[in-house]
Amino acid sequence: GANGVTAVAQPNIALIKYWGKRDEHLFLPWTSSLSMTLDIFPTTTRVHLDAEATDDEVTFNGAPAAGEERRRITGFLDLVRQRAGLTHRAVVDTRNTVPTGAGLASSAGGFAALAVAAATAYGLDLDDTGLSRLARRGSGSASRSIFGGFAVWNAGTPTAPPAEADLSSYAEPVPVGDLDPALVIAVVNAGPKDVSSRAAMRRTVETSPLFEPWAASSRDDLTEMRQALLRADLDAVGEIAERNSLGMHATMLSARPAVRYLSPASLTVLDSVLRLRRDGISAYATMDAGPNVKVLCRRADADLVAEAVRAAAAGGTVHIAGTGQGARLIDE
Ligand code: DP6
């Protein structure tokens, strides 16, 4: 129909992880995080307003969204409506090419695309900073997918009064030297996860004795990561990313009860990454809230790394990603 707006966004993979909220309502994180936006797995979202409708209509890959998935999207639309001072319901049609709920950051591209499309459809005049803050309210990691390349999401000043804290936390591009890395993504299990990242991070913050030390070391990791990216030092970038991710998983494993996303297949892939390094290939692993493993390497080594990882991820699928663009409007 007329007056529709369509946006597309890709997921990002964090090299310095976001794990833990200080404010669950405003999505304010304990620590700043840093990621690479991918050039694969786009989410395309169309939004148009319907003055006559009494409820939002949300379609996800052609089927009506239901339950928690629908509630998150309509809740996000409520926020946009409140800002716009409008009450119109919306028709939202989302098409996603990434396996949902498998720790492949589908919510990042999803809410980045929705933020851009909904903000435009409701007439909010937001710059990238404003869009990043808005996307954050749908899913923390989505704040980073507003930007292409590498982005840092600033924790901001979460203990300030709410309005000020909200304004202080957004993502922005990170300056990077002459670096053209690939991320080889080993999907060892594309099924939905047992524990949502939201519930898992809450439990980690509340119960893990390792959470505070990890958060402190993550702040140092971010400082080192910025320097490593500036000097385009892929080995340093990879080493920092790998330890930051393993540390995040250590905080989950020490939560009570423990949260474990890594499977035997994940560890087999991690072993293949160690073998690659022993053979002199720069390859470093990072894992999120699922068993899949993302391997950072030089673009020139991506095919070789993908081969090694494919052999290790018996039965799994392997994708090669480069750095992609930020969220944007497209013509239909
Ligand atoms: C492990 O952004 O999906 O991928 O803010 O609750 O929606 P919510 O969580 P989400 O968490 C991502 C966690 C992570 C690390 C990261 O992307 O930084």
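First things first, this report covers the structure right here in the doc. Bear in mind that the values here come from a model prediction, so they are computed numbers and not experimental data.

Calculation rules
Residues numbered from 1 in each chain as written. Predicted model: local features only at pLDDT ≥ 70, side-chain atom pairs only at ≥ 80, totals over all residues. Heavy atoms only, no water. Helix = DSSP H or I, 4+ residues; strand = E, 2+ residues; numbered from the N terminus. Buried < 20%, exposed > 50% of the residue type's maximum accessible area, 1.4 Å probe, protein only. Contact = heavy atoms within 4.5 Å. Near = heavy atom within 4 Å. Polar contact = N/O pair within 3.5 Å; in protein donor to acceptor, adjacent residues only side chain to side chain. Areas by Shrake-Rupley, 256 points an atom, 1.4 Å probe, with all protein chains shown as cover. Nonpolar A, V, L, I, M, F, W, Y, C, P; charged D, E, K, R; others polar. Phe/Tyr/Trp six-rings, centres within 6.5 Å; stacked < 30°, edge-to-face > 60°. Lys NZ or Arg CZ within 6 Å of the ring centre and 35° of its normal. Expected span 1.5 Å × (residues − 1). Arc of directions from axis to C-beta. Axes fitted to C-alpha atoms, helices over the stretch in contact; angles between N-to-C directions. Parallel < 35°, antiparallel > 145°, perpendicular 65-115°, else oblique. Left-handed = near helix turned anticlockwise from the far one by under 90°. Pairing = 2+ DSSP bridges.

Our focus in this paragraph is unusual backbone geometry. For the bond running from R256 to P257, omega is -5°, close enough to zero to count as cis. With respect to the element layout, P257 can be found in the loop between α8 (234–253) and α9 (264–278). Of note in the backbone geometry, F27 takes a positive phi value of approximately 55° without being a glycine. For F27, the location among the structural elements is in the loop between β3 (21–23) and β4 (28–29). Since its relative accessible area comes to 7%, F27 is described here as buried.

By the secondary structure assignment, G156 is in the loop between β10 (150–153) and α5 (162–168). Look at G156 and you get partly exposed, because its relative accessible area is 36%. Look past the residues within four positions of G156 in its chain and what remains in contact with it is S168 and S169.

Here we come to the site of the ligand. Near the ligand lie 18 residues; those nearest to it are Y18, K21, S139, G140 and S141. Take Y18: an N or O atom from its side chain is 2.6 Å from an oxygen atom of the ligand. Against a free-state accessible area of 460 Å², the protein chains account for coverage of 94% of the ligand. In terms of residues, the shell around the ligand owes the most to one element, helix α6 (residues 197–207), which gives three residues. Of the residues in the shell around the ligand, the class split is seven nonpolar, five polar and six charged.

Attention shifts here to the packing of aromatic side chains. Counted according to the given criterion, the structure contains four aromatic pairs. With a centroid separation of 6.0 Å and 45° between ring planes, the pair formed by F211 and W214 is classed as tilted. You can see F211 and its partner W214 sitting in helix α7 (residues 211–230), three residues apart, about one turn around the helix. In this structure, F211 and W214 share a single accessibility class: buried. Site record: aromatic cluster; members linked through ring pairs are W30, F211 and W214. The ring of W30 has R22 lying over it, and the distance from NZ or CZ to the ring centre is 4.0 Å.

Moving on to α7. With 20 residues, α7 should cover 28 Å at 1.5 Å per step; its first-to-last C-alpha distance of 28 Å lies within 8% of that length. Of the residues making up α7, those classed as buried are F211, W214, A215, S218, D221, L222, M225, A228 and L229. Angularly, the buried residues of α7 cover 135° about the axis, an arc narrow enough to put them on a single face. Opposite the buried face of α7, by more than 90 degrees, sit the exposed residues E212 and L230. In the core, the buried residues of α7 are packed alongside β2 (12–16), β5 (33–37), β10, α6 and α8.

Take the side chain of T37 next. Among the secondary structure elements, T37 is positioned in strand β5. What makes T37 buried here is its relative accessible area of 0%. Residues in contact with T37, not counting those within four places in the same chain, are Q10, P11, N12, R144, S145, F147, G148, G149, G322, T323, G324 and Q325.

Turning to the packing of helix α2 (residues 106–121) against helix α3 (residues 128–136), a few remarks are in order. The angle between the axes and the distance between the axes are what describe a pair of packed helices. One way to put it is that α2 packs onto α3 with a least axis distance of 9 Å and a crossing angle of 120°. Relative to α3, α2 is oriented oblique. When the axes of α2 and α3 are compared, the crossing they make is right-handed. Within the contact between the two elements, α2 uses F111, A112, A115, V116 and A119 and α3 uses L131, L134 and A135. Looking at the contact of α2 with α3 residue by residue, the class counts come to eight nonpolar, no polar and no charged.

Attention shifts here to the packing of α9 against helix α10 (residues 302–312). The geometry of α9 relative to α10 is characterised by a closest axis approach of 8 Å and an angle of 145° between their N-to-C directions. The element α9 and its partner α10 pack so that their crossing is right-handed. Facing α9, whose interface residues are T268, V269, S272 and L276, α10 presents L304, V305, A308, V309 and A312. Partitioned by chemical class, the residues of the contact of α9 with α10 number seven nonpolar, two polar and no charged.

As a further point, take the side chain of N96. By the element assignment, N96 lies in strand β9 (residues 89–96). A polar contact is formed between the side chain of N96 and the side chain of T43, at a distance of 3.5 Å. Those residues in contact with N96 that sit more than four places away from it in its chain are P42, T43, F60, N61 and S106.

As a further point, take the pairing of strand β13 (residues 283–287). Counting buried residues along β13, five of its five residues qualify, which places the element largely inside the surrounding structure. Where burial is concerned, the two faces of β13 agree: the one with A283, A285 and M287 and the one with Y284 and T286 are both buried. Counting the residues between successive antiparallel strands, the hairpin from β13 to strand β14 (residues 293–298) contains five residues.

Read these as spatial facts, not as claims about activity.
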